[in-house]
Amino acid sequence: METGRRMKAAVVKETSPGERRVALVPDAVAKLAPAGIDVLVESGAGDGAWLSDAAYADAGASIVSAAEIYRTADVILTVTRPGAVGELRAGQAVIGMLAPLADPEYAAALAARGVTVISLDGLPRTLSRAQPMDALTSQSNVAGYKAVLVAAGEFGRFFPLLITAAGTARPAKVLVLGTGVAGLQAIGTARRLGAVVSGYDIRPTSKDEVTSLGATFLELTSVGSAAGEGGYARELTAEERQAQQEELTGHIARQDVVITTAQVPGRKPPLLVTEDAIKAMAPGSVIVDMAASALGGNVTGSVPGQTTVTGNGVTIVGAENLAATVPTAASNAYSRNISAMLLHLTSGGALAIDTSDEIQAGVVIAHDGRVVHEGVASLLKPVEGDPGVDGTAN
Ligand code: NAD
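Residues numbered from 1 in each chain as written. Predicted model: local features only at pLDDT ≥ 70, side-chain atom pairs only at ≥ 80, totals over all residues. Heavy atoms only, no water.

Quick word on the overall build of the chain
Then, number 1: On a plain count of helices and strands, the chain comes out with 12 helices and 19 strands.
Then, number 2: The C-alpha radius of gyration computed for the chain amounts to 23 Å, which stays within 12% of the reference 21 Å derived for 394 residues, consistent with globular compactness.
Then, number 3: Along the longest, intermediate and shortest principal axes, the C-alpha atoms of the chain span 70 × 55 × 35 Å.
Then, number 4: Residues counted as buried form 49% of the 394 residues belonging to the chain.
Then, number 5: Pairs at least 24 apart in sequence give 61% of the contacts found in the chain among residues at least 6 apart.
Then, number 6: For the chain, the exposed area adds up to about 17,200 Å²; of that, 54% sits on carbon and sulfur atoms.
Then, number 7: Here the chain holds 30 positive side-chain charges and 40 negative ones, and the gap between their average locations is 5 Å. (Helix = DSSP H or I, 4+ residues; strand = E, 2+ residues; numbered from the N terminus. Rg over C-alpha atoms; globule rule 2.2 N^0.38 Å. Buried < 20%, exposed > 50% of the residue type's maximum accessible area, 1.4 Å probe, protein only. Contact = heavy atoms within 4.5 Å. Areas by Shrake-Rupley, 256 points an atom, 1.4 Å probe, with all protein chains shown as cover. Lys, Arg positive; Asp, Glu negative; His and termini not counted. Charge placed at Lys NZ, Arg CZ, Asp CG, Glu CD.)

Structure follows, in structure tokens:
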């Protein structure tokens, strides 16, 4: 429907520490225009990803201040969270990766201000028409690639087999634990660097994906399948966990490099590499824990953003926001994801919120002053006589 109405979609400069990505790249500007979407860009928003204000202006965007964005934009596009909640106003929408399940109170605070909250991390990922919008996948791909480069950077030897006049270097042995999106990309990257790679996952369906990349699939005899809902893993029982850790220890001891990526939605990451396993590794070995978090990670002692060397000479890297350290590639991919989402939500130059659509039901967190996403609403403390879906309830 051609209404002549135009939407102002604005790109803000990210404010999280170390965040170098930007929500939209200049290429996207011309693709949004036919849908009635004009793009405003906060001056300097693309600097961290080597995208200048001039490149955005040449593509047809208006370069403005943050204050103008918060005053005039209809939709604010972000990678993580936009500035302070108080800067957003009723009727405005925010689209980003806002982690509402990890912090439902933030969504509630925005809902209370009348802000529409749309979070790409709620996308129903197995739906094929949602795949162009799948930012979790695009950013995991970037992070999985970078994890291998970080490991190679810390490792004191070569990854490939090298035969030179000065001698022969054997290839590094790399084990990837958790072979979802990031793990498979790590396997592919380590293979390209010439390492001998194996992979392990608790979902048996990942075996074919691992072997098709030329890696060996590690089969554990002590623990069976733990496939859960929607292609994700389920949490292991305490007995399964212990059996898995013990059996993995023997395999980990033989590796030069271990990269861990294991996650279970809504749970703390499973511990896969125990203190005993680390002690059994040779000096000079490297572990990169992509699941490192404030709640703990896949590796005993890993701390996000920190690299430590154990008493027996094993380097443990607690990875933190690796996608932001490959900012141009990550932003290019994210820009395609968020553009596809914005186009999906836009009709006649305005957002058309309709949570009967399966994609929207996953990503629309707050609208019309209420937290409308059931999963997020159920995490908010209900007040008496209130079912708990009102974002203003607490
Ligand atoms: P994730 O980040 O939630 O977890 C990473 C991996 O850790 C997963 O493969 C998981 O099985 C594994 N894991 C969890 N607990 C483990 C344990 N105790 N031991 C070993 N491994 C463990 O996963 P993800 O990368 O987001 O992907 C999850 C699934 O979603 C995969 O099956 C992926 O193929 C699927 N997916 C499908 C689509 C699609 O259909 N378009 C898109 C994206 C992802």
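Quick look at the sheet that holds strand 10 (residues 196-200)
Then, number 1: Pairing is mixed in the open sheet, where 7 strands are placed in the order 11-10-9-12-13-15-14. Each end of this open sheet is capped by a strand with a single partner; those strands are strand 11 (216-217) and strand 14 (307-309).
Then, number 2: Direction of pairing for strand 12 (residues 257-260) relative to strand 13 (residues 286-289): parallel, over a ladder of 4 bridges. Within strand 13, the residue paired with valine 257 across the bridge is valine 286.
Then, number 3: Running at roughly 150° to strand 13, helix 5 (residues 135-154) makes contact with strand 12, strand 13, strand 14 and strand 15 (315-318) of the sheet. (Pairing = 2+ DSSP bridges. Axes fitted to C-alpha atoms, helices over the stretch in contact; angles between N-to-C directions.)

Some words on a nonpolar patch on the surface
Then, number 1: On the surface, Tyr145, Leu149 and Leu193 cluster together into a nonpolar patch covering about 220 Å² of accessible area.
Then, number 2: Turning to its location among the elements, leucine 193 is positioned in the loop between helix 6 (181-192) and strand 10. (Patch = residues over 30% accessible without salt bridge, like charges linked within 9 Å, V, L, I, M, F, W, Y side chains within 5 Å. Salt bridge = Lys/Arg side-chain N within 4 Å of Asp/Glu carboxyl O.)

Structural notes on the environment of glycine 296
Then, number 1: On the secondary structure map, glycine 296 appears in the loop between strand 13 and strand 14.
Then, number 2: As a C-alpha pair, glycine 296 and lysine 207 span 89 residues in sequence and 27 Å in three-dimensional space.
Then, number 3: If near-sequence neighbours (up to four positions away) are discounted, glycine 296 is found in contact with Pro269 and Ala291.

What to know about the site of the ligand
Then, number 1: Around the ligand there are 24 residues in total, and Arg125, Gln131, Val181, Asp201 and Arg203 lie nearest to it.
Then, number 2: A distance of 3.1 Å separates an oxygen atom of the ligand from a polar atom in the backbone of glycine 180.
Then, number 3: At a separation of 2.9 Å, a nitrogen atom of the ligand approaches a polar side-chain atom of glutamine 244.
Then, number 4: Notes on the ligand: free accessible area 830 Å², of which the protein chains cover 85%.
Then, number 5: Grouping the amino acids of the shell around the ligand by side-chain chemistry returns 10 nonpolar, 10 polar and 4 charged. (Near = heavy atom within 4 Å. Polar contact = N/O pair within 3.5 Å; in protein donor to acceptor, adjacent residues only side chain to side chain. Nonpolar A, V, L, I, M, F, W, Y, C, P; charged D, E, K, R; others polar.)

A closer look at the nonpolar core
Then, number 1: Formed by 39 residues in total, the largest nonpolar core has its most connected members in Leu77, Ile95, Met341 and Leu342.
Then, number 2: At the level of elements, strand 1 (7-11), helix 1 (27-32), strand 2 (37-42), strand 4 (75-77), strand 5 (93-96), helix 10 (327-345) and helix 11 (358-363) are the ones that each hand at least two residues to this core.
Then, number 3: It is helix 10 that contributes the most residues to this core, 5 residues altogether.
Then, number 4: Setting aside residues up to four positions removed in sequence, isoleucine 95 forms contacts with Val75, Ile76, Leu77, Thr78, Ile118, Ile338, Met341, Leu342 and Leu345.
Then, number 5: Membership of the second largest hydrophobic core comes to 28 residues, among which are Ala186, Val286, Val288 and Ala319. (Core = buried A, V, L, I, M, F, W, Y, C linked by side-chain atoms within 4.5 Å.)

Re the pattern of salt bridges
Then, number 1: Per the counting criterion, the structure on display carries 12 salt bridges.
Then, number 2: In this structure, arginine 81 engages aspartate 103 in a salt bridge whose closest nitrogen and oxygen atoms are separated by 2.6 Å. Placement of arginine 81 in the loop between strand 4 and strand 5 and of aspartate 103 in the loop between strand 5 and helix 4 (104-112) is noted, with a sequence separation of 22 residues between them.
Then, number 3: A salt bridge links lysine 207 to glutamate 219; its shortest N-O distance comes to 2.7 Å.

Observations regarding the packing of aromatic side chains
Then, number 1: This model, assessed by the stated rule, comprises 2 aromatic pairs.
Then, number 2: Cation over ring: arginine 81 sits above tyrosine 106, and NZ or CZ is 3.7 Å from the ring centre. (Phe/Tyr/Trp six-rings, centres within 6.5 Å; stacked < 30°, edge-to-face > 60°. Lys NZ or Arg CZ within 6 Å of the ring centre and 35° of its normal.)

Re helix 10
Then, number 1: Look at helix 10: 26 Å from first C-alpha to last across 19 residues, which is about the 27 Å you get at 1.5 Å a residue.
Then, number 2: Listing the buried residues of helix 10 in full gives Pro327, Ala330, Ser331, Ala333, Tyr334, Ser335, Asn337, Ile338, Ser339, Met341, Leu342 and Leu345. (Expected span 1.5 Å × (residues − 1).)

Description of the side chain of threonine 261
Then, number 1: The residue threonine 261 is located in the loop between strand 12 and helix 9 (275-280) in this model.
Then, number 2: What makes threonine 261 buried here is its relative accessible area of 13%.

Digging into the pairing of strand 13
Then, number 1: With burial as the criterion, each face of strand 13 is covered, one bearing Val286 and Val288 and the other bearing Ile287 and Asp289.
Then, number 2: As for the winding sense of the linkage, the β-α-β connection from strand 12 through helix 9 to strand 13 is right-handed.
Then, number 3: Pairing of strand 13 with strand 15, which is carried by 4 bridges, proceeds in the parallel orientation. By the bridge assignment, valine 288 is partnered in strand 15 with valine 317. (Right-handed = clockwise from strand over helix to strand, strands pointing away.)

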